[in-house]
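# Coordinates in review
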Amino acid sequence: MKTPSLAAIALVLLPSLPSAAASVDVTTQDISVDLSAATIRVEIDAAVDVEGADSFPVYGLVAPATEVTVNGAPATLRNDDDYGALIQWLEAPEAGDGPWTVHLVLEGAPSCHSQLNPGLDSCTFKDDERVLLPGEPGAAWYLLSASSLDTFTGSVSLRTAEDMQAAAGQGAPVQDETPGDGSRVRRFDITTPTETLGAWARRGATIEVATADGTRVIAALPDAESADPLTRTAEAMARVLPRYQAMFGALPFDEVHILPVSGRFAFGGMGMLGNIMLGDFITRPDFDYLIVQGAAHELAHSWWGGLASASDPVGGGFLQEAFAEYSAWRALGDTGSDDERLAGVRMNAIWYLTQTDPESDLAILDPGLGDAQDVYVLVTYHKGSLVLRALEEKVGAEVFTAALAGMVARGPGGLSVDALIEEVAAAGGGDISGDVDQWLRQPGFPHLAVGMDPDGTVALDVEGDYRLHVPVRAHFADGTVQDTSLEASTG
């Protein structure tokens, strides 16, 4: 339910570091966000390892910077020569190599106009709702590298009105205080390296559902109309979460949040290491078919995009979005009803087969796919998840699950198509490089024609450059049924 990651967009659009030898790594950030007033105040204390550079590019900020220091000395933020205020260079010529201690204060009215999509919002700032989405050019609220994937640890402290629910960071707050001035301060840890953060606060009730192992799934219920669909969604996630953890490894925290977002939310849904943001529209009756499957997809991003991620924008959508989509289909099939498993229309092959124009179709690994929004979802989500299902059918569910767990273990930046090939082989599934070539590096899909020869032999014709493993179930006149398979190729 997401577009390509903001980090991937940055890799394509934005300038590189000053020289090939330069190295900049944001290692920790402690972020304090005041959402209790009519304007926003963000205070960032970050540790950055710098070698061979006196400046580095970050996404432009959601509010004006009122204070910038490096190692206690004044520093500057300079607009980029090509991108203006969308990208700013943090400059400290006197700091030299080694660790930089960066202190940054933002204060003022937040700019919630999305620079990536002018029809959407990059944040929400209403009386009963305050939401900061992951940073984008011109709307960042924490230090986000504009050059490469750059994970960090640390904390997020949120000050909100006392009667607001809140979530940020990873898991439950480690500190929760009411200072007595009508506000409430909650601090959330970032113990698992990430580069994607959200901060959410909203008035309303909550519902809590425990998984079999005691992990809490907490859904915010902003109004009576959304209570039923969000409660059902929380109950479904409490079933799905243990299945994900059994397949891919445990999450490093014991609380998951389902967080509705109103207005022109930039995505139908967004998953960030246990925090699932869903656009309000998805709770309406017209979208009842999608909400559980959509939330399961976003929860899967805790692994595909969270605990592990792709660093190369080419194929990055497939390695995160298609894997999250496949994971949702798999977990709902294991734990829920057929309705839940099949309700997600994107999981239906018919969408890709019937809605894709063969003249404009692109390969999953086509470098131009991210710019082709008319086919991006069809190719990445629909076809991509079906390709994973085909690979599972070929090598077996047990082998494929072990391979996916091996991919997750590679961590942030470790997901790649080569990693998929290597992990399947390591799990005992053989060499799937030929399957990768036919499914990921060429557009379209095979067309099959099935017939019976006069001698009773099943004949299978394949149109397209494919070699396929095709399951066959034969029903005989005497009522017996036989399951087998055919290896079929073009011609």
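Because the structure is a prediction, the values reported are computed rather than measured.

The buried fraction of strand 3 (residues 55–59) is high, at five of five residues. With five bridges joining them, strand 3 and strand 7 (residues 84–91) adopt antiparallel strand pairing. Paired with Phe 56 across the bridge in strand 7 is Leu 90.

Of the residues in the protein chain, 93% reach a pLDDT of 70 or more, and the chain-wide mean stands at 90. Note on residues 1–17: pLDDT under 50 across the span, and 61 contacts to partners over four residues away in sequence or across chains.

A word on the environment of Gly 108. With respect to the element layout, Gly 108 can be found in strand 8 (residues 98–108). Counting along the chain gives 66 residues from Gly 108 to Val 42, while the straight-line C-alpha distance between them is 9.4 Å. Gly 108 has contacts with Thr 39, Ile 40, Ala 63 and Pro 64, leaving out every residue within four places of it along the chain.

Right, let's talk about the state of the cysteines for a bit. With the rule as written, the count across this model stands at one disulfide. Covalent S-S linkage joins Cys 112 and Cys 123, the inter-sulfur distance amounting to 1.8 Å. Across the disulfide from Cys 112 to Cys 123, rotation about the S-S bond amounts to roughly -100°, and the bridge is consequently left-handed. Of this pair, Cys 112 sits in the loop between strand 8 and strand 9 (123–126) while Cys 123 is found in strand 9, placing the two residues eleven residues apart along the sequence. When sorted by exposure, Cys 112 lands in the same class as Cys 123, which is buried.

Glancing now at a negative patch on the surface. A contiguous patch of negative charge on the surface is contributed by Asp 25, Asp 49, Glu 51 and Asp 97. Here Glu 51 shows up in strand 2 (residues 40–51). The class for Glu 51 is partly exposed, based on a relative accessible area of 41%.

A few words on the pairing of strand 8. With respect to burial, strand 8 is a largely interior element, eight of its eleven residues being buried. Sheet topology places strand 4 (residues 65–70) next to strand 8; five bridges connect them, and they run antiparallel. Paired with Val 70 across the strands is Val 102, a residue of strand 8.

This part is about the packing of aromatic side chains. Aromatic rings considered in pairs are described by the distance between their centres and by the relative angle of their planes. All chains considered together, the criterion is met by 16 aromatic pairs. With a centroid separation of 4.9 Å and an interplanar angle of 50°, the aromatic rings of Trp 304 and Phe 323 are classed as tilted. Here the residue Trp 304 occupies a position in the loop between helix 3 (291–300) and helix 4 (316–335), and Phe 323 occupies one in helix 4, the gap between them amounting to 19 residues. The pair formed by Trp 304 and Phe 323 is uniform in burial state, with each residue classed as buried. Where Tyr 326 meets Phe 400, the ring centres are 5.6 Å apart and the plane angle is 85°; that geometry is what we call edge-to-face. One end of the pair, Tyr 326, is in helix 4; the other, Phe 400, is in helix 8 (residues 397–408), and 74 residues separate them in sequence. Residue Tyr 326 is classed as buried on the basis of its relative accessible area, which comes to 1%. Within the aromatic cluster, the residues linked to one another by ring pairs are Tyr 244, Phe 248, Trp 303, Trp 304, Phe 318 and Phe 323.

Regarding helix 9 (residues 417–426), the residues found buried are Val 417, Ala 419, Leu 420, Ile 421, Glu 423 and Val 424. Packing partners of the buried residues in helix 9 comprise helix 4, helix 7 (373–395), helix 8 and helix 10 (433–440).

A sheet is described by the order of its strands in space; here three strands give the open sequence 3-7-6, paired in antiparallel fashion. Edge positions in the open sheet fall to strand 3 and strand 6 (76–80), since each of these has one partner strand only. Put simply, the sheet's adjacent strands are angled 35° from each other on average, direction ignored. Relative to strand 7, strand 6 runs antiparallel, the two being bridged by five bridges. Among the inter-strand pairings, Leu 77 is bridged to a residue of strand 7, identified as Leu 90.

Moving on, we get to the side chain of Ser 302. The residue Ser 302 is located in the loop between helix 3 and helix 4 in this model. Those residues in contact with Ser 302 that lie beyond four places of it in its chain are Leu 251, Leu 273, Gly 274 and Leu 307.

Bringing the pattern of salt bridges into the picture now. Summed over all chains, the structure comprises 24 salt bridges. Measuring nitrogen to oxygen at the nearest pair gives 2.5 Å for the salt bridge that ties Asp 288 to Arg 232. Of this pair, Asp 288 sits in the loop between strand 20 (275–279) and helix 3 while Arg 232 sits in helix 2 (residues 224–248), and the two are 56 residues apart along the sequence. Owing to a relative accessible area of 37%, Asp 288 belongs among the partly exposed residues under this scheme. Residue Arg 232 is classed as partly exposed on the basis of its relative accessible area of 28%. Ionic pairing is found between Arg 410 and Glu 422, a salt bridge with its closest N-O pair at 2.9 Å. Taken together, the positions of Arg 410 in the loop between helix 8 and helix 9 and Glu 422 in helix 9 put the pair twelve residues apart, joining distant regions of the chain. Arg 410 sits in the partly exposed class, given a relative accessible area of 34%. Among the residues examined, Glu 422 registers a relative accessible area of 43% and is labelled partly exposed. Here the salt bridges share partners, and the residues they tie into one network are Arg 330, Arg 389, Glu 392 and Glu 393.

Definitions and cut-offs
Every chain begins its residue count from 1, and numbering advances along the sequence as written. The predicted nature of this model means local features are confined to residues of pLDDT at least 70 and side-chain atom pairs, given and counted, to a pLDDT of 80 or more, with totals for whole chains, interfaces and linings taken over all residues. Side-chain numbers here rest on the full set of heavy atoms in the structure, without hydrogens or water. Exposed residues in this analysis have more than 50% of their type's maximum accessible area, buried residues have under 20%, and partly exposed residues fall in between, with area computed by a 1.4 Å probe over protein chains only. Numbering goes from the N terminus for both helices and strands, where a helix is a DSSP run of H or I of at least four residues and a strand is a run of E of at least two. Here, strands pair whenever DSSP counts at least two bridges between them. Each residue carries a pLDDT value, the predictor's own confidence for that position, ranging from 0 to 100. Here, two residues are considered to be in contact whenever any of their heavy atoms come within 4.5 Å of each other. Any two cysteine sulfur atoms lying within 2.5 Å of each other are counted as a disulfide. Think of a patch as exposed residues, more than 30% relative accessible area, with no salt bridge, where like charges cluster within 9 Å and nonpolar side chains (Val, Leu, Ile, Met, Phe, Trp, Tyr) cluster within 5 Å. For the accessible areas, the method is Shrake-Rupley and the probe is 1.4 Å, while residue cover comes only from the protein chains on display. Throughout this description, the term salt bridge denotes a Lys or Arg side-chain nitrogen within 4 Å of a carboxyl oxygen of Asp or Glu. As used throughout, the charge tally considers Lys and Arg to be positive and Asp and Glu to be negative, leaving His and the chain termini uncounted. Just so you know, the charge point we use is NZ for Lys, CZ for Arg, CG for Asp and CD for Glu. Working definition: a ring pair exists when centres of Phe, Tyr or Trp rings (six-membered ring for Trp) sit within 6.5 Å. Plane angles under 30 degrees give stacked, over 60 give edge-to-face, the rest tilted. In this analysis, axes come from line fits to C-alpha atoms, helices being fitted only over the stretch in contact, and the angle between any two N-to-C directions falls in the range 0 to 180 degrees.

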